Amino acid sequence: MIGSLAAGVIVLSLVIVAFSLVTTARDKPMGTVLLVALGVLEIGLLVQAGFAVAGMVRGEGPDETATLIGYLAGTLVIPPIAAFWGIGERSRWGPAVIAVAAFAICAMVGRLLQIWQGTV
């Protein structure tokens, strides 16, 4: 895991949360900006997962391998599901779903760093 990349993913997910909440408050459906932001977030998560898997293949990483893999898999499936749901829900609640998903990504990436570093 790369700490700076994880920090970038966390910051991007918090920006998505803020933008989604503003969009929800304005009673607007999900737009192209949120969809592109989720795509960029997914790319960052895929890169981070690639580095994590490469590190585990080299013998690095935590003792909690199953937990790490579960969190990695979870972070990879949340943005596409949120994007699909956000596009399908054309009311103000589509961006609200995106906000919840992006906040979940933020928390999960933080937890991934803790697991990788061996802290509780």
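Predicted model only: the values in this text are computed from it and were never measured. (Residues numbered from 1 in each chain as written. Predicted model: local features only at pLDDT ≥ 70, side-chain atom pairs only at ≥ 80, totals over all residues. Heavy atoms only, no water.)

Asker: Describe the overall build of the chain, naming the residues involved and giving the relevant values.
Answerer: Assigned secondary structure in the chain consists of four helices and zero strands. Going residue by residue from the N terminus, the α and β elements of the chain occur as α-α-α-α. The C-alpha radius of gyration computed for the chain amounts to 15 Å, which stays within 12% of the reference 14 Å derived for 120 residues, consistent with globular compactness. For the chain, the spread of C-alpha atoms along the three principal axes comes to 50 × 20 × 20 Å. Across the 120 residues in the chain, those meeting the buried criterion constitute 39%. At a minimum sequence separation of 6, the contacts of the chain that also span at least 24 residues come to 82%. As displayed, the chain has an accessible area near 6400 Å², and 72% of this comes from carbon and sulfur atoms. A gap of 14 Å separates the mean positions of the 6 positive and 6 negative side-chain charges of the chain. (Helix = DSSP H or I, 4+ residues; strand = E, 2+ residues; numbered from the N terminus. Rg over C-alpha atoms; globule rule 2.2 N^0.38 Å. Buried < 20%, exposed > 50% of the residue type's maximum accessible area, 1.4 Å probe, protein only. Contact = heavy atoms within 4.5 Å. Areas by Shrake-Rupley, 256 points an atom, 1.4 Å probe, with all protein chains shown as cover. Lys, Arg positive; Asp, Glu negative; His and termini not counted. Charge placed at Lys NZ, Arg CZ, Asp CG, Glu CD.)

Asker: Now, about the pattern of salt bridges: what can you tell me, with residues and values included?
Answerer: Evaluated as defined, the whole model comprises two salt bridges. Among the ionic pairs, D27 bridges to R92, the shortest N-O distance being 4.0 Å. Here D27, found in the loop between α1 (3–25) and α2 (32–57), pairs with R92, found in the loop between α3 (65–88) and α4 (93–117); they are 65 residues apart in sequence, far enough to count as distant. By relative accessible area, R92 is classed as partly exposed at 29%. Among the salt bridges present, the one from R58 reaches E60, with a minimum N-O distance of 3.3 Å. (Salt bridge = Lys/Arg side-chain N within 4 Å of Asp/Glu carboxyl O.)

Asker: Provide a residue-level description of the packing of aromatic side chains, including the pertinent values.
Answerer: Under the criterion given, the structure shown has zero aromatic pairs. The ring of W93 has R92 lying over it, and the distance from NZ or CZ to the ring centre is 5.3 Å. (Phe/Tyr/Trp six-rings, centres within 6.5 Å; stacked < 30°, edge-to-face > 60°. Lys NZ or Arg CZ within 6 Å of the ring centre and 35° of its normal.)

Asker: Explain α3 residue by residue, including any values.
Answerer: Taking 1.5 Å per residue as the helical rise, α3 with its 24 residues ought to reach 34 Å, and the 35 Å between its terminal C-alpha atoms agrees with that figure. Within the sequence span of α3, burial applies to L68, L72, G74, T75, P79, A82, A83 and G86. Check the buried side of α3 and you find it contacts α2 and α4. (Expected span 1.5 Å × (residues − 1).)

Asker: Explain the packing of α2 against α4 residue by residue, including any values.
Answerer: Two numbers describe how α2 lies on α4: the axes approach to 12 Å, and their chain directions differ by 20°. Considering their axes alone, α2 and α4 lie roughly parallel with respect to each other. Where α2 crosses over α4, the two elements pack in a sense that is left-handed. Of the residues in α4, those in contact with L34, L38, L41, L45, A52, G55 and M56 of α2 are P95, I98, I105, V109 and W116. Residues belonging to the contact of α2 with α4 are distributed by class as follows: eleven nonpolar, one polar and no charged. (Axes fitted to C-alpha atoms, helices over the stretch in contact; angles between N-to-C directions. Parallel < 35°, antiparallel > 145°, perpendicular 65-115°, else oblique. Left-handed = near helix turned anticlockwise from the far one by under 90°. Nonpolar A, V, L, I, M, F, W, Y, C, P; charged D, E, K, R; others polar.)

That is the geometry; function is a separate question.
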